[in-house]
Amino acid sequence: DMDLVHEIADTGYVMRQGGRLELHGSIMELFFDHDLSEFNLAPPTVVGLIKDLRARGFDLKPTLDAAEFEERLLERLSVLGYRL
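(A) Focus on the overall build of the protein chain. In terms of helices and strands, the protein chain carries four helices and two strands. Counted from the first residue to the last, the protein chain has its helices and strands arranged as α-β-β-α-α-α. The buried share of the protein chain, taken over its 84 residues, is 25%. Contacts in the protein chain between residues far apart in sequence, at least 24 positions, make up 21% of those at least 6 positions apart.

(B) How the structure looks around helix H4 (residues 66–79). In a regular helix each residue adds 1.5 Å, so 14 residues correspond to 20 Å; H4 covers 20 Å between its end C-alpha atoms and thus fits that length. With a side-chain oxygen lying 3.2 Å from the backbone nitrogen of Ala67, the N-terminal cap of H4 falls on Asp65. A positive phi of about 95° marks Gly81, the residue just after H4.

(C) Expanded view of the pairing of strand E2 (residues 21–26). The pairing of strand E1 (residues 11–15) with E2 spans five bridges and is antiparallel. Counted as the bridge partner of Met15 is Leu21 from E2. With antiparallel pairing between neighbouring strands as the criterion, E1 and E2 make up a hairpin whose turn holds five residues, including Gly18 at a positive phi of roughly 105°.

(D) Just helix H3 (residues 45–55), in detail. Within H3, the full set of buried residues consists of Val46, Val47, Gly48 and Ile50. Immediately downstream of H3, the backbone of Gly57 shows phi near 85°, a positive value.

(E) Spatial organisation of a nonpolar patch on the surface. A contiguous nonpolar surface patch, about 440 Å² in accessible area, is contributed by Leu74, Leu80, Tyr82 and Leu84. Tracing the sequence through the fold places Leu80 in the segment after H4.

(F) Region of interest: the nonpolar core. One finds Val14, Leu23, Phe31, Phe32, Leu36, Ile50 and Leu64 to be the most contacted residues of the largest nonpolar core, which totals 16 residues. Listed by contribution, the elements that provide at least two residues to this core are helix H2 (27–33), H3 and H4. Tallying contributions element by element places H2 first for this core, with four residues. Filtering out sequence-adjacent residues up to four positions away, Phe31 remains in contact with Met2, Val5, Leu36, Pro44, Val47, Lys51 and Leu64.

How each quantity is defined
Throughout this description, residue numbers start from 1 for each chain and increase along the sequence as written. Where local features are concerned, this predicted model is filtered to residues with pLDDT of at least 70; where side-chain atom pairs are given and counted, the filter is 80 or more; whole-chain, interface and lining totals use all residues. Note: side-chain values were computed over all heavy atoms of the structure, leaving out hydrogens and water. Each helix is a run of DSSP H or I of at least 4 residues and each strand a run of E of at least 2, with the numbering of both proceeding from the N terminus. Each residue's exposure class comes from its accessible area (1.4 Å probe, protein chains only) as a fraction of the maximum for that residue type: buried when under 20%, exposed when over 50%, partly exposed otherwise. Contacts are assigned to residue pairs that have any heavy atoms within 4.5 Å of one another. Multiply 1.5 Å by the residue count of a helix minus one, and that product is the helix's expected span. In the analysis that follows, any N or O atom pair within 3.5 Å is treated as a polar contact, provided that within protein one partner can donate a hydrogen and the other can accept it, and provided that, for residues neighboring in sequence, both atoms belong to side chains. By this definition, two strands are paired if DSSP reports at least two bridges between them. Exposure above 30% relative accessible area and no salt bridge define the residues that can form patches, which grow by joining like charges within 9 Å and nonpolar side chains of Val, Leu, Ile, Met, Phe, Trp and Tyr within 5 Å. Residue burial considers only the protein chains on display, and all accessible areas are found by Shrake-Rupley using a 1.4 Å probe. Salt bridge criterion: a side-chain nitrogen from Lys or Arg within 4 Å of a carboxyl oxygen from Asp or Glu. Definition used in this section: a nonpolar core is a set of buried Ala, Val, Leu, Ile, Met, Phe, Trp, Tyr and Cys residues joined via side-chain atoms within 4.5 Å.

Structure representation (structure tokens):
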């Protein structure tokens, strides 16, 4: 479950079928600096949301924690003048 990876590991490795090591690094680096879809891996929900928002020009600091994401999103919306 990709939504739980950050809770059990600090470092990750991505291998191709056949066992060839392709990527390794911190969980944050792997999810935010690489497109893991070529390895048939979907990012955690929070990562997908942050990447989608960034693609639309909405700058959010990366996080893997859903509660932290919510806090950052609400803070950013408040700065932009949205009343919640």
